[in-house]
Amino acid sequence: MDADRTPKQVGTVWGLLVLNTLGSTGAETVVPLPRSLIQMVTMGALVAAFSLALALNLRLRVRASAFLFLLTLLLVPSVIASADLQSGFGALFRCARLALFVGTLWLLSRWWDGGVTFVRHHIRMYFLVLCTVAAGALVSPGAAMPDLYGGRLVGALWPLTPPQIGQYAAVIIGLAVLLVLGGRTDRRSAALVIVPSLVLLMLTHTRTATLGLLVGLTLAIGSLTLTSAAARRFFSWAVLCAAVAAVVFASALREWFLRGQSEENFSNLTGRAKVWDALLAAPRTIGEKVFGMGLGDKSFDGLPIDNSWLAVYHEQGLIGVGLVAAVFVTLGGVALLRPPSLARACAIFLIGYCALASYTEAGLGDASPYLLHLAVAASLLAQPATAAPLSVPGPPRRRVPRWARTSEVT
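Only a predicted model underlies this, so the values are computations on that prediction, with no experimental measurement involved.

Rules of the game
- Residues numbered from 1 in each chain as written.
- Predicted model: local features only at pLDDT ≥ 70, side-chain atom pairs only at ≥ 80, totals over all residues.
- Heavy atoms only, no water.
- Helix = DSSP H or I, 4+ residues; strand = E, 2+ residues; numbered from the N terminus.
- Buried < 20%, exposed > 50% of the residue type's maximum accessible area, 1.4 Å probe, protein only.
- Contact = heavy atoms within 4.5 Å.
- Areas by Shrake-Rupley, 256 points an atom, 1.4 Å probe, with all protein chains shown as cover.
- Salt bridge = Lys/Arg side-chain N within 4 Å of Asp/Glu carboxyl O.
- Phe/Tyr/Trp six-rings, centres within 6.5 Å; stacked < 30°, edge-to-face > 60°.
- Core = buried A, V, L, I, M, F, W, Y, C linked by side-chain atoms within 4.5 Å.

Draft legend 1. The overall build of the protein chain, seen in detail. Scanning the protein chain from N- to C-terminus turns up 17 helices and two strands. Expressed as a percentage of its 410 residues, the buried residues of the protein chain come to 45%. At a minimum sequence separation of 6, the contacts of the protein chain that also span at least 24 residues come to 76%. As displayed, the protein chain has an accessible area near 20,700 Å², and 66% of this comes from carbon and sulfur atoms.

Draft legend 2. A look at the pattern of salt bridges. Across all of its chains, the model carries three salt bridges by this definition. Between Glu315 and Lys298 there is a salt bridge; the shortest N-O distance is 3.1 Å. Here Glu315, found in helix α15 (residues 308-337), pairs with Lys298, found in the loop between α14 (286-291) and β1 (299-300); they are 17 residues apart in sequence, far enough to count as distant. Within the structure, one salt-bridge network assembled from shared partners comprises Lys298, Glu315 and Asp366.

Draft legend 3. The packing of aromatic side chains, seen in detail. Using the criterion set out here, one finds five aromatic pairs in the structure. Measuring from centroid to centroid gives 5.3 Å for Trp276 and Tyr359, while their planes differ by 70°, and the two rings are edge-to-face. One end of the pair, Trp276, is in helix α13 (residues 272-281); the other, Tyr359, is in the loop between α16 (342-357) and α17 (369-381), with 83 residues separating them in the sequence. Accessibility expressed as a relative area gives 8% for Trp276, which makes it buried. Owing to a relative accessible area of 47%, Tyr359 belongs among the partly exposed residues under this scheme.

Draft legend 4. How the structure looks around the nonpolar core. Formed by 100 residues in total, the largest nonpolar core has its most connected members in Trp14, Phe67, Leu108 and Leu178. When residues of this core are assigned to their parent elements, the largest contribution, 13 residues, is made by helix α7 (residues 162-181). When near neighbours in sequence (up to four residues on either side) are disregarded, Leu178 contacts Leu217, Ala220, Ile221, Leu224, Leu342, Ala345, Cys346 and Phe349. Ranked by size, the runner-up nonpolar core spans eight residues in total, among them Trp276, Ile305, Leu310 and Tyr313.

As structure tokens, then:
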């Protein structure tokens, strides 16, 4: 319907949401940016996104969405746990940010129709972010690959960490590959996105993003093999190339994967396991187990948690863990029930990537890129809006004289 065509300004709203989730911490930039300034920019982007989405949807038309309903419910334990201010006033501020974030997604849900519109917005916006990373590497290679991060690629113009860059690169690579297989873009346009993004992914040495890309694409392309000859050919060639690479470049791949770490450090997940054990062993009251400690900076005793499930348990309790699990069960179940299609394959890729990354990355319980990835998956799984059937006027009624309206003969 004409009223439900996606306005171009929706892409602007999505870009502002992406800007909000970039964060304010990371490597040192070429031009030092005060953290307070970055926070003002990111929070201002969220306010602008909500305002613009509201202006585009003044009648507050939204689509029924189990995904957004579960995110709205996630606000309940967040507010309850943050109300006692154990985590400071910052917890309430993060609750307001999450509410504004979810509210913006509700306003955008009007245009969720099972198409790839939001996939294109997602690719464009994160590719722009990667362009700033590449520009920073060209301007100052030393700042872009500092010794502090072991020579891994970071954001030199905007403070971005290697896992962030790897995540953005892996997601848009996977989505671009699927668009090519689905015939929704040409190979040249896709190559302009895939090739530089793949280079940046390799320079970040991000294992989680690389595995997430491989696993997500395997699941997504596997869902297309029964109906797409292009998917079958790509899958066959990919398996063959992977087997050859595993034999020929085994030592180089192992060295890249270990990143110079010892076997003990690798098995300890770079120290993450120690933080996880300490978090689970910390004493908690019944209320803290159920509702959590309140929204924080995803850290425990000053160390990053780097696990979405434990971060949600720490901040939003068992209720939060249950709601996040319900998000994956709902999206995954709907995806399995849909017939094979490009939209379904893209949704499976995003769900699979987020599920794998949740083991070593935090963010599923707060406004983050991972929630944006899952929002795109929800938009792909939404049923297209059907136009209301036009009412057909009936045949004109014949006027019957008053004297002939009775069947009795006198």
